[in-house]
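As a plain string of letters, each chain reads:
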Amino acid sequence: MSQAKFSRSDRWIILLFGLTYMFNYIDRTIVSVLAEAIRNDLRLSDLELGLLGGLAFSLFYAVMGVPIARLAERRSRVKIIAVVTALWSLMTMLSGAAGNFWHLLLCRMGVGVGEAGFTPALVSYVSDRFSAARAAAAYSLIALGTMAGGATAAIVGGWIAANYGWRVAFVAVGLPGLLLAALIWFTIPEPERTGQAADQSPPPFMAVVRHLLRSPAFMLLTAGSASVNVVGFGLTLFLIPLLVRVHGFDLQQAGLAFAICFSLGSALGTLTGGLTAARLGERDVRWFAWAPALLLCVGLPAYLAAIYQEDWRVLLGLMFVASFTLVAFLPTIMTTTQRLVESRMRASTAALHTFGVIALGLGTGVTLLGYLSDRFAAAHYGPDYESCLQVAADAQSAACTAASAAGLQQGMFAVGAFLLLSIMLFALAGRTLRRELKDR
């Protein structure tokens, strides 16, 4: 069977997991779509937005991913995916009832706990369900759901927030996940684990950790992906606020622009990257690391140039290019790390890879961007900047509004340095990847 052909049952699995991944991403990123509305309603700073959209979610997502992944080494991955899908959907709906920053913070932590179990179990499932030749293509197709989720969250979430308020938006996007959880539970079969006897126990967790610490390819690919995601997650959370503050967009306009330049660019990049990497990797596995490094050499200047564009059309065009390059090979990198370990290490390996990417990229990176934005804004406005944020948005001074816009631009420009770091890390990973895969 050629790589592009999937059976009917394969297509159903890809479709259902793709939809689940879509709502996984919607529920993860809806807070970024609603960020300006939440910020104005609850009178928050960019640092607090960074905590809501980054650290609160990522801390529990990263930490809980490991024990749930260990469970996935022993128990049904399908059942785990169904349960965690229901959990994060309920916590998203509860976010709509949050009365203050701390209530919303707790709900976001709950979403992180639920979503923590999804990716490790999914990656392990895909690696056992599909052949090695088709796993990268299958996962890239499933991962398109994240890009569709970004567009849906931006367009639908922005429209609901503009017409019915941000609280209703949380409830509306959380509800479909409960139906998806039921469909997964009842319609998707659990595959046999490949490479080991079915009754063989998985190795101890520390054995997995020691194995991965001795793998330069795993460490470099994980660090490179994390560095890319410092910028990628920063765009997810702060691109809409940038359009609102600098270019005067309303939430509906900003949501549509986000869907076109970021979500569409990311979707095309994911699809193109997965299929391209599968072909290049058949010739030389080092392309799994070299391809993202080369593509980011295009993405870095596009990203930096976009931030200070006065014409929003040029900004969106450049951000489309940057978004395409940032995510093009990330799903392929995830499946590549799976090839570095045996079958019953796969869920734990995916969890540890995700831990590194989320802890640095989403947790530390987005929080750092929020902190830098506030500090740069305060430098523009003066020591009373935090006080000006406590005034209703329509009553804030022009100086306060201009400072928040300038601070965000400077913060986004500063974190662009992480893309340069990721280029170097991916280039180094290519030097060791072929030898490590040949040894397996």
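Residues numbered from 1 in each chain as written. Predicted model: local features only at pLDDT ≥ 70, side-chain atom pairs only at ≥ 80, totals over all residues. Heavy atoms only, no water.

## Thoughts on the overall build of the protein chain
Across its full length, the protein chain carries 19 helices and 0 strands. For the protein chain, the C-alpha radius of gyration of 21 Å lies close to 22 Å, the compact-globule estimate for 440 residues. Taking the principal axes of its C-alpha atoms as reference, the protein chain extends roughly 65 × 45 × 40 Å. In the protein chain, which comprises 440 residues, the share counted as buried stands at 60%. Counting contacts in the protein chain only where the partners sit at least 6 residues apart, residues at least 24 apart contribute 86% of the total. About 16,600 Å² of surface is accessible on the protein chain, with carbon and sulfur atoms providing 66% of the total. Counting 32 positive and 24 negative side-chain charges, the protein chain places the centres of these two groups 12 Å from one another. (Helix = DSSP H or I, 4+ residues; strand = E, 2+ residues; numbered from the N terminus. Rg over C-alpha atoms; globule rule 2.2 N^0.38 Å. Buried < 20%, exposed > 50% of the residue type's maximum accessible area, 1.4 Å probe, protein only. Contact = heavy atoms within 4.5 Å. Areas by Shrake-Rupley, 256 points an atom, 1.4 Å probe, with all protein chains shown as cover. Lys, Arg positive; Asp, Glu negative; His and termini not counted. Charge placed at Lys NZ, Arg CZ, Asp CG, Glu CD.)

## A closer look at the state of the cysteines
Throughout the structure, instances matching the rule amount to 1 disulfide. With its sulfur 2.0 Å from that of its partner, Cys388 forms a disulfide with Cys400. One disulfide, between Cys388 and Cys400, carries an S-S torsion of 65° and so falls in the right-handed class. In this pair, Cys388 is assigned in helix H17 (residues 385-389) and Cys400 in helix H18 (residues 398-414), connecting sequence segments 12 residues apart. (Disulfide = S-S within 2.5 Å.)

## Re the pattern of salt bridges
Applying the stated criterion to the full structure yields 9 salt bridges. Where Arg28 meets Glu115, a salt bridge forms, and the shortest distance between an N and an O atom there is 3.1 Å. Here Arg28 is found in helix H1 (residues 8-33), whereas its partner Glu115 is found in helix H5 (residues 101-116), with 87 residues between them in sequence. Like Glu115, Arg28 is buried. Salt-bridge contacts for Arg77 lead to Asp128; the nearest nitrogen and oxygen are separated by 2.7 Å. Taken as a pair, Arg77 in helix H4 (residues 77-95) and Asp128 in helix H6 (residues 118-129) lie far apart in primary sequence, 51 residues in all. Summarising the burial analysis for this pair, Arg77 and Asp128 share the class buried. Ionic contacts of the salt-bridge type, sharing partners, join the residues Glu36, Arg39, Asp46 and Arg245 into one network. (Salt bridge = Lys/Arg side-chain N within 4 Å of Asp/Glu carboxyl O.)

## What to know about a nonpolar patch on the surface
On the surface, Ile155, Val156, Leu256, Ile260, Leu264 and Leu268 cluster together to form a nonpolar patch covering roughly 490 Å² of accessible area. Within the residue set of the nonpolar patch, elements represented by two or more residues are helix H7 (132-164) and helix H12 (251-283). Sorting elements by how many residues they give to the nonpolar patch places H12 first, with 4 residues. Looking at the element boundaries, Ile155 is found in helix H7. Accessibility expressed as a relative area gives 41% for Ile155, which makes it partly exposed. (Patch = residues over 30% accessible without salt bridge, like charges linked within 9 Å, V, L, I, M, F, W, Y side chains within 5 Å.)

## Structural notes on the nonpolar core
In this structure, Phe17, Leu34, Ile38, Leu122, Leu239, Tyr303 and Met319 are the most contacted members of the largest nonpolar core, which totals 135 residues. The element best represented in this core is helix H11 (residues 216-247), accounting for 15 residues. If we skip the residues at most four places from it in the chain, Ile38 touches Val31, Arg43, Leu44, Leu104, Trp166 and Phe170. Membership of the second largest hydrophobic core comes to 7 residues, among which are Ala377, Cys388, Cys400 and Ala403. (Core = buried A, V, L, I, M, F, W, Y, C linked by side-chain atoms within 4.5 Å.)

## Some words on the side chain of Ser373
With respect to the helices and strands, Ser373 occurs in helix H16 (residues 346-381). The class of Ser373 is buried, set by a relative accessible area of 1%. Beyond its immediate chain neighbours, meaning those up to four positions away, Ser373 contacts Asp46, Arg245, Ser404, Gly407 and Leu408.

## Brief notes about H5
Compared with the 22 Å implied by 1.5 Å per residue over 16 residues, the 22 Å span of H5 between its first and last C-alpha is a close match. Along H5, the residues classified as buried are Phe101, Leu104, Leu105, Cys107, Arg108, Gly110, Val111, Gly112, Gly114, Glu115 and Ala116. Buried residues belonging to H5 abut H1, helix H2 (35-42), helix H3 (46-74), H4, H6 and helix H8 (166-174). In this structure Asn100 caps H5, since a side-chain oxygen of it lies 3.0 Å from the backbone nitrogen of Trp102. (Expected span 1.5 Å × (residues − 1). Polar contact = N/O pair within 3.5 Å; in protein donor to acceptor, adjacent residues only side chain to side chain.)

## A few points about the side chain of Asp27
Along the chain, Asp27 falls in helix H1. One buried charged side chain, Asp27, makes no salt bridge at all; its nearest oppositely charged neighbour is Arg108, positioned 7.3 Å away. Reaching out from Asp27, the side chain makes a polar contact with the side chain of Thr92 at a distance of 3.4 Å. Here Asp27 is in contact with Trp88, Ser89, Thr92, Arg108, Val111, Glu115, Val173 and Gly174, once residues within four sequence places are set aside.

## Quick notes on the confidence of the model for the protein chain
Counting all residues, the mean pLDDT for the protein chain is 84, and 94% of those residues have values of 70 or more. Looking at the elements of the protein chain, mean pLDDT is at its lowest for helix H15 (residues 330-338), recorded as 77, and at its highest for helix H9 (residues 176-187), recorded as 94. (pLDDT = per-residue confidence, 0-100.)

## Topic: H8
Listed in full, the buried residues belonging to H8 are Trp166, Ala169, Phe170, Val173 and Gly174. Around the axis of H8, the buried residues are gathered within 120° of arc, so they sit on the same side. (Arc of directions from axis to C-beta.)

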